[in-house]
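Understanding the architecture of this molecule
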Amino acid sequence: MLRHVAAGIDGTPEGLAAAHWAAGEAVRRGTALRLVHAWEWQPRPAPTVPADMSQRSWAEDMLAQASDSVRAAHAGLRVVTQSVVESPVGALLAAAEEADLLVLGSRWISGVTGFLTGSVSQRVVARSPRPVVLVRAGECTAREHFSAVPGISPDEIPETPYRDVVLGLDTDRPCDELIEFAFDAARLRATPLRVVHAFSAPPAYAAIDRLAPVNGPELLAEHERAVVATLRPWCEKFPEVAVTETVTEGRAAGELIHASAGAALLVVGRRVRETLRGNHLGNHLGNHLGSVVHAALHHAPCPVAVVPHA
């Protein structure tokens, strides 16, 4: 199968937003786009299915409309559609296996409650073997760019610069998959990469360990050196990407959400635990996603890419 970006759609505005975001990413990567819709037969179809249509007909019609919409916005993009009679979670995980990247829509309820908790999107994110990007309805490629000339959409001017990509970095457990994804995302957009690393000061009793820097400036310098050392090989691999580092004492989740305001994309990592692999992940999504990822999905004001890593 050709390299492609996959998007899960379900007839909602969130699904269409995911399709258009995925189309833009496919264009940037020079790959095809695959639109996937999963449905399960029900004795009584959902209210969204017209009374004069079968579930299968509605699914095919919805896929065709989404495909036409994407093609109209991205001439020349190869778009493949797939309707699957299967549970949405299972079908999307299978689609992720075959794709470079999976894009899903998520419903934004409010600034407090954030993305819809317990949604199909979050369950897929918690188990996907590939990176997953969550996009809300209303997020479009125009918001990924800085403002253009008044009255002209950035979509119409490819030269309009993209906003920054933001990466949340943990120097205690850095991983190649996460860092490479963020650098590549910045490269594809020809935009700077902002790396955010937050740390907590050790408890007071740590002062008895003379090898551990407990003084504020010394501790900050220690973390700054760790960030620079971690990023050095990636800066050499991606010399075209301008990198800025923000190292601060505080909670990682809060710092990332603050940094993501005005960003094109926030990139965070999800550690895959051996005991959580397979189909027995349960419903405790916050634990499986990790507190930082969970907070980012609920409160980041931009698309969020979750990259699984060992």
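Provided above is the structure to which this section pertains.
Quick look at the structure, then. These numbers were taken from a predicted model, which means no experiment stands behind them.

Conventions adopted
Residue positions are given per chain, counting from 1 as you read along its sequence in written order. A pLDDT threshold of at least 70 governs which residues receive local features in this predicted model, and a stricter bar of 80 or more applies before side-chain atom pairs are shown or counted, although totals over entire chains, interfaces and linings include all residues. Neither water nor hydrogens contribute to the side-chain values; these are computed over all heavy atoms in the structure. Salt bridges are defined by distance alone: a side-chain nitrogen of Lys or Arg within 4 Å of a carboxyl oxygen of Asp or Glu. Helix numbers and strand numbers start at the N terminus; a helix is a DSSP run of H or I with at least 4 residues, a strand a run of E with at least 2. Burial here depends on accessible area, computed with a 1.4 Å probe over protein chains only, as a share of the maximum for the residue type. Under 20% is buried, over 50% is exposed, and the range in between is partly exposed. Axis geometry follows a simple rule: fit a line to the C-alpha atoms, using only the stretch in contact for helices, then measure angles between N-to-C directions, giving values from 0 to 180 degrees. Handedness of a helix crossing follows the sense of rotation of the near helix relative to the far helix, less than a right angle counterclockwise being left-handed and clockwise being right-handed. Contact definition: two residues touch when any of their heavy atoms are within 4.5 Å. Each aromatic pair joins two rings of Phe, Tyr and Trp (for Trp, the six-membered one) with centres within 6.5 Å, and gets the label stacked for planes under 30 degrees apart, edge-to-face for over 60, and tilted for any other angle. Working rule: Lys NZ or Arg CZ, within 6 Å of ring centre, within 35 degrees of ring normal, means a charge sits over the ring. What a helix is expected to span follows from its residue count: subtract one and scale by 1.5 Å.

Moving on to the pattern of salt bridges. Following the criterion strictly, the structure yields ten salt bridges and no others. Among the ionic pairs, Arg194 bridges to Asp164, the shortest N-O distance being 3.1 Å. Of this pair, Arg194 sits in strand E7 (residues 193-199) while Asp164 is found in the loop between helix H5 (141-144) and strand E6 (165-168), placing the two residues 30 residues apart along the sequence. Among the salt bridges present, the one from Arg225 reaches Glu222, with a minimum N-O distance of 2.9 Å. With Arg225 and Glu222 both in helix H7 (residues 216-237), this residue pair falls three residues apart, about one helical turn. Residue class for Glu222 comes out partly exposed when judged on its relative accessible area of 38%. Beyond isolated ion pairs, a larger network of salt bridges with shared partners links Glu25, Arg28, Arg29 and Arg189.

Moving on to the packing of helix H8 (residues 252-259) against helix H10 (residues 291-299). Geometry of a packed helix pair, given as the angle between the helix axes and the separation of the axes. At a minimum axis distance of 9 Å, the contact between H8 and H10 shows a crossing angle of 35°. Read as a crossing pair, H8 and H10 show a hand that is right-handed. Every residue of H10 that contacts H8 at Ala252, Ala253, Leu256 and Ile257 is listed here: Val292, Ala295 and His299.

The full count for this structure, using the stated rule, is one aromatic pair. In this structure, Arg189 packs its charged tip against the face of Tyr162, placed 6.0 Å from the ring centre.

The next thing to look at is helix H1 (residues 13-29). The end-to-end C-alpha distance of H1, which contains 17 residues, comes to 24 Å, matching closely the 24 Å that a straight helix rising 1.5 Å per residue would cover. Where burial is concerned, most of H1 is hidden: 13 out of the 17 residues are buried. Positive phi appears at Gly30, one or two residues downstream of H1, with a value of about 70°.

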